[in-house]
Amino acid sequence: MKKFIALIFFSLIIFPLKTNANENFSVEIEALKLVMEKYKENTKPNIELDVSKEKPIYMALKQDECNATVEVTEKTGLEVVSTEFFDVNVCKKEIYKVIN
């Protein structure tokens, strides 16, 4: 009986019942969704499967509770083709492209 209780106790410590990932990263996740939707509209769909074609990589950085910066990098293998930055306001659902 003691082993059973110890097993349950230690399993609750190792595997918590509730995770807060969405609450902690909600601004970044929403900013990435908005930019991906806009970026998908602006690029033409390519039916051919070619390894040398450009593939976008997304990265988000939270600024405050409503704002985030999203970086979109296009790569072909190891070569970086282009990098674009977007300032995203998730509260107003606005996307502004940063011009370097």
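Residues numbered from 1 in each chain as written. Predicted model: local features only at pLDDT ≥ 70, side-chain atom pairs only at ≥ 80, totals over all residues. Heavy atoms only, no water.

What follows concerns the pattern of salt bridges. Enumeration over the complete set of coordinates arrives at three salt bridges. The residue lysine 62 makes a salt bridge to glutamate 65 at a minimum N-O spacing of 3.6 Å. Of the charged contacts, one joins lysine 97 and glutamate 84 as a salt bridge, the two residues approaching to 3.1 Å between their closest N and O atoms. Of this pair, lysine 97 sits in strand S4 (residues 94-98) while glutamate 84 sits in strand S3 (residues 79-89), placing them 13 residues apart in sequence. (Salt bridge = Lys/Arg side-chain N within 4 Å of Asp/Glu carboxyl O. Helix = DSSP H or I, 4+ residues; strand = E, 2+ residues; numbered from the N terminus.)

Our next topic: the state of the cysteines. By the definition in use, this model includes one disulfide. Between cysteine 66 and cysteine 91 runs a disulfide, and the two sulfur atoms are separated by 1.8 Å. Looking down the S-S bond of the cysteine 66 and cysteine 91 bridge, the torsion is -75°, so its handedness is left-handed. Here cysteine 91 lies in the loop between S3 and S4 and cysteine 66 lies in the loop between strand S1 (55-62) and strand S2 (67-76), a separation of 25 residues in the sequence. (Disulfide = S-S within 2.5 Å.)

Once that is clear, we can look at the nonpolar core. Among the nonpolar cores identified, the biggest contains eleven residues, and these are Val27, Ala31, Leu34, Val35, Tyr39, Ala68, Val70, Val72, Phe86, Val88 and Val90. Every element with two or more residues in this core is listed here: helix H3 (26-42), S2 and S3. Tallying contributions element by element places H3 first for this core, with five residues. Those residues in contact with leucine 34 that sit more than four places away from it in its chain are Val88, Val90, Lys93 and Ile95. (Core = buried A, V, L, I, M, F, W, Y, C linked by side-chain atoms within 4.5 Å. Buried < 20%, exposed > 50% of the residue type's maximum accessible area, 1.4 Å probe, protein only. Contact = heavy atoms within 4.5 Å.)

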